[in-house]
Amino acid sequence: MPSTGIASFAPSFSVVFGGSHWASGWSTNSNKVYKSVADNYEDFASTGSDNVTFQEQVTGLSANLEALFYFTKNTVSVTGM
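Every chain's residues receive numbers from 1 upward, in the order its sequence appears when written. A pLDDT threshold of at least 70 governs which residues receive local features in this predicted model, and a stricter bar of 80 or more applies before side-chain atom pairs are shown or counted, although totals over entire chains, interfaces and linings include all residues. Only heavy atoms go into the side-chain values, all of them from the structure, while hydrogens and water stay out.

**A look at the sheet that holds strand 4 (residues 50–53)**
Here's step 1: One requirement defines pairing of two strands: DSSP has to find at least two bridges between them. Secondary structure follows DSSP: runs of H or I at least 4 residues long count as helices, runs of E at least 2 residues long count as strands, and numbering of each begins at the N terminus. With antiparallel pairing, the four strands of this open sheet are ordered in space as 1-2-3-4. Because the sheet does not close on itself, it has two edges, and the strands there are strand 1 (13–17) and strand 4. Taking the axes of each pair of neighbouring strands and ignoring which way they run, one obtains an average angle of 20° across the sheet.
Here's step 2: Two strands pair when backbone bridges link them, and strand 1 and strand 2 (residues 20–24) are joined in this way by five bridges, in the antiparallel orientation. Axes here refer to lines fitted to C-alpha atoms; in helices the fit is confined to the stretch in contact. Angles between the N-to-C directions go from 0 to 180 degrees.

Structure (structure tokens):
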């Protein structure tokens, strides 16, 4: 089980972007995306990990070499390298 500090860690979807693992899709906090420590895809709790909170439910993630896309019920947001 990954080191997350998150009870019942079971994301619905995830991607790898910028050397980190990004995960989301919990029924209890569906508006958050969690970022792992760089180059440690199972550590979501140590220094270097992070999370992003949206105002509405995150419905998907997609990544390419240049950007990470966050899909919510009504919007698409993006983070570049």
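**A closer look at the sheet that holds strand 6 (residues 67–72)**
Here's step 1: Taken together, three strands build an open sheet; the order of strands is 5-6-7 and the sheet is antiparallel. Taken across any chain shown, the strands that pair with only one partner, and hence form the sheet edges, are strand 5 (58–63) and strand 7 (76–80). Ignoring which end each strand starts from, the neighbouring axes of this sheet average 20° apart.
Here's step 2: One ladder, built from five bridges, connects strand 5 with strand 6; its direction is antiparallel. The partner of Ala63 across the bridge, within strand 6, is Leu68.

**Section: the environment of Pro11**
Here's step 1: Note on placement: Pro11 falls in the segment before strand 1.
Here's step 2: Residue classification places Pro11 among the partly exposed residues on the basis of a relative accessible area of 29%.
Here's step 3: Placed twelve residues apart in sequence, Pro11 and Ala23 show a C-alpha to C-alpha distance of 5.9 Å.
Here's step 4: The residues contacting Pro11, other than those within four sequence positions of it, are Ala23, Ser24 and Trp26. The cut-offs for exposure are 20% and 50% of the maximum accessible area for each residue type, with area from a 1.4 Å probe on protein chains only; residues under the lower value are buried, those over the upper are exposed, and the others partly exposed. Any two residues whose heavy atoms approach within 4.5 Å at even a single point are treated as in contact.

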